[in-house]
Amino acid sequence: FFLHESKYQGIRKMAEDRGRAFHFWFAQFVIQCLCVWAGYKSYLALKSSDGESMKKWLQFWVVFTSFCLLELFLDLLLYYMPFYPELKMAFVGFLVFAGGAEKIYEPHMEKYIGITVDFVEKKVKEVKDKTKAQ
């Protein structure tokens, strides 16, 4: 009896794992499609030389890249979060279609990125000066 029950538990767990894998695969596919769309819109913005459109898509790429960097470190925890693939897909859709990148970038990220840029530029200058001295 106990062996029989554990057999079905194993099958149920395997089905749940396959379902979770499908959700992750589908979400990744949709996110890749959204990134292709964002790349296409970025290309059109560059071709049009429209400053506002270029700004919008550059903000998208900065926010999206920051999200990917954060996700890199939190991936193992986020994997077990319920509905994470769907939330991630919705977040990227928000960034692409609802002007979410602008809503996140300007009030929250711009000042921190400015500090980081100053720090990085200072370090790059130090390295250049050291290599020129040698």
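What comes next concerns the included structure. Note that the structure is a prediction, hence the values are computed from the model and not measured. One numbering rule holds for all chains: residues counted from 1, following each sequence as written. Local features are withheld for residues below a pLDDT of 70 in this predicted model, meaning they are given only at 70 or higher, and side-chain atom pairs are given and counted only at 80 or more; totals for whole chains, interfaces and linings count all residues. Hydrogens are left out, water is left out, and the side-chain values use all remaining heavy atoms of the structure.

1. Overview of helix α4 (residues 100-133)
So, step 1. Compared with an ideal rise of 1.5 Å per residue, which puts 34 residues at 50 Å, α4 spans 46 Å between its outermost C-alpha atoms and is within 8% of the ideal.
So, step 2. A maximum bend of about 60° is found in α4 at M109.
So, step 3. Where α4 is concerned, the buried positions are G100, A101, Y105 and M109.
So, step 4. Contact partners of the buried residues in α4: α2 (51-79) and α3 (84-97). Think of it this way: any DSSP run of H or I at least four residues long counts as a helix, any run of E at least two long counts as a strand, and we number them from the N terminus. Every helix has an expected span of 1.5 Å times one less than the residues it contains. One axis is fitted to the seven residues ending at the residue and one to the seven starting there. The bend at that residue is the angle between these axes. Each residue is assigned to one of three classes by its accessible area relative to the maximum for its type, calculated with a 1.4 Å probe on protein chains only: buried under 20%, partly exposed between the two thresholds, exposed over 50%. The criterion used for residue contact is that any of the two residues' heavy atoms lie within 4.5 Å.

2. Some thoughts on the nonpolar core
So, step 1. Residues I31, W57, F60, V63, F64, V92 and V96 are the most contacted members of the largest nonpolar core, which totals 17 residues.
So, step 2. Of all the elements in the fold, those that place two or more residues in this core are α1 (2-48), α2, α3 and α4.
So, step 3. By residue number, the principal contributor to this core is α1, which donates six residues.
So, step 4. Contacts of V63, omitting those with residues within four sequence positions, involve L95, A101, I104, Y105 and M109. Here the nonpolar core consists of buried residues drawn from Ala, Val, Leu, Ile, Met, Phe, Trp, Tyr and Cys, with membership extended through side-chain atoms lying within 4.5 Å.

3. Points about the pattern of salt bridges
So, step 1. Criterion for a salt bridge: a side-chain nitrogen of Lys or Arg within 4 Å of a carboxyl oxygen of Asp or Glu. As enumerated under the stated definition, the model contains four salt bridges in all.
So, step 2. The closest approach of N and O atoms between D129 and K125, which form a salt bridge, is 3.2 Å. With D129 and K125 both in helix α4 and four residues apart, this pair spans about one turn of that helix.
So, step 3. A residue is classified by how much of its surface remains accessible, and D129, at 39% relative accessible area, is partly exposed.
So, step 4. Classification of K125 by relative accessible area gives exposed; the value is 51%.

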